[in-house]
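Coordinate analysis (summary)
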Amino acid sequence: MKIKSGIVLIAILLSTCLAFAQSEVNFQPKALVKTLEKSGIEELSGVEELALPDDACTSKGKYFLVTKKNENAYRYIYIGRVNSCRAGGCSVEHESVETLDSEYFDYYILFDDHKTVKAVNVFNYQATHGYEITAKGWLKQFIGFNGSDSLKVDKNIDAISGATISVYAITADVENKTALLKKLQL
């Protein structure tokens, strides 16, 4: 009897670990490929990964340069993952969200020649709450952001009831990734 319950416990623990294991970020999401195709980029051969300085903190993301001219003037792409706290909140014991067993979502930002946001799209939402941030209407708030001002939830970014953690997480990340792109000498 003890052996059966032990095996069941191990199976439950193993399946739980696998369920919460985070897969790698998809750097060729279908949503991005479709968007680029609409702008005249038929294949991803017109896009190359940018080399970032060693001090650039983009552990779960990459920047890309669009080398082929396109009608929507997309010039830079950031594809990455945002970790956010679980619905129960963050523990103050942890120094950063990166160290938590957290929920996450993957998204991309399209920038123009002036490193201004042209589009934001969440393509892989793996959190239990806050799915509302994937709405195209809500994500349009980031269009035109160029880093000259800051993004503030409840000021120039709408808050969403039930999606507070995700709203703050993506807002901070868009601001951070735009600032990092602006610093790059390209």
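Residues numbered from 1 in each chain as written. Predicted model: local features only at pLDDT ≥ 70, side-chain atom pairs only at ≥ 80, totals over all residues. Heavy atoms only, no water.

Here we look at the overall build of the protein chain
As a reminder, the rule being used: Under the scheme used here, helices are H or I runs from DSSP no shorter than 4 residues and strands are E runs no shorter than 2 residues, and both carry numbers assigned from the N terminus. Buried residues are those whose accessible area, probed at 1.4 Å on protein chains only, stays under 20% of the maximum for their type, while exposed residues exceed 50% and partly exposed ones sit between those limits. Residues count as neighbours in contact if any of their non-hydrogen atoms are within 4.5 Å of one another. In these tables, accessible area is a Shrake-Rupley quantity obtained with a 1.4 Å probe, and a residue counts as shielded only by the protein chains included in the view.
Looking only at helices and strands, the protein chain has four helices and five strands in total. Written out in order from the N terminus, the α and β elements of the protein chain read α-α-β-β-β-β-β-α-α. Looking at the protein chain as a whole, 40% of its 186 residues qualify as buried. Looking at the protein chain alone, contacts between residues at least 24 apart form 57% of all its contacts between residues at least 6 apart. By element, 53% of the accessible surface of the protein chain is carried by carbon and sulfur atoms, the whole surface being about 11,200 Å².

A short note on the pairing of strand β3 (residues 76-84)
What counts is decided by this rule: Here, strands pair whenever DSSP counts at least two bridges between them.
Counting buried residues in β3 gives nine out of nine residues, a clear majority hidden from the surface. With burial as the criterion, each face of β3 is covered, one bearing Y76, Y78, G80, V82 and S84 and the other bearing I77, I79, R81 and N83. As paired strands, strand β2 (residues 61-66) and β3 are joined by five bridges and run antiparallel to one another. Each residue of the ladder has a partner; that of K62, found in β3, is I79. Note that β3 and strand β4 (residues 103-111) share nine bridges and pair antiparallel. From the neighbouring strand, S84 faces β4, where its bridge partner is E103.

A short note on the pattern of salt bridges
For clarity, the cut-off: By salt bridge we mean one thing: a side-chain nitrogen of Lys or Arg within 4 Å of a carboxyl oxygen of Asp or Glu.
Across all of its chains, the model carries four salt bridges by this definition. Across the pair K62 and E49 runs a salt bridge whose closest N-O atoms are separated by 3.8 Å. With K62 in strand β2 and E49 in strand β1 (residues 47-49), the pair connects residues that are 13 residues apart, well separated along the chain. Judged by relative accessible area, which is 28%, K62 ranks as partly exposed. Linking R81 and D106 is a salt bridge whose minimum nitrogen-to-oxygen distance equals 2.7 Å. Remark: D106 occurs in strand β4 and R81 occurs in strand β3; sequence separation between them is 25 residues. The two residues R81 and D106 agree in class, both being buried.

Comments concerning the pairing of β2
β2 sits mainly inside the fold: five of its six residues count as buried. Bridge analysis of β1 against β2 gives three bridges, and the strand direction is antiparallel. Each residue of the ladder has a partner; that of E48, found in β2, is L65.

Structural notes on the sheet that holds β3
Where we set the bar: Lines fitted to the C-alpha atoms define the axes, with helices restricted to the stretch that makes contact. Angles between their N-to-C directions range from 0 to 180 degrees.
The strand order across the open sheet formed by five strands is β1-β2-β3-β4-β5, and the pairing between neighbours is antiparallel. In this open sheet, the two edge strands, each paired with only one partner strand, are β1 and β5 (117-125). Across the sheet, the mean angle from the axis of one strand to that of its neighbour is 25 degrees, orientation sign disregarded. Against the sheet, helix α2 (residues 30-38) makes contact with β1, β3, β4 and β5, and its axis sits at roughly 10 degrees relative to β4, the strand it touches most.

Re the nonpolar core
Basically, it comes down to this: To define a nonpolar core, start from buried Ala, Val, Leu, Ile, Met, Phe, Trp, Tyr and Cys residues and group those joined through side-chain atoms within 4.5 Å.
Counting 32 residues, the largest nonpolar core has F105, Y107, I133, W138, F142, I170 and V174 as its most contacted members. Of all the secondary-structure elements, those providing two or more residues to this core are β2, β3, β4, β5, α3 (136-139) and α4 (164-183). The leading source of residues in this core is α4, at six residues.

Things to note about a positive patch on the surface
Convention followed: Each patch is assembled from residues with relative accessible area greater than 30% and no salt bridge, linking like charges that lie within 9 Å and nonpolar side chains (Val, Leu, Ile, Met, Phe, Trp, Tyr) that lie within 5 Å. Positive charge is attributed to Lys and Arg, negative charge to Asp and Glu, and no charge count is given to His or to the chain ends. In this description, the location of a charge corresponds to atom NZ of lysine, CZ of arginine, CG of aspartate or CD of glutamate.
There is a patch of like positive charges on the surface, built from K30, K34, K38, K136 and K140. Top contributing element to the positive patch by residue count: α2, with three residues. Mapped onto the elements, K136 comes out in helix α3. The exposure class assigned to K136 is exposed, which follows from its relative accessible area of 66%.

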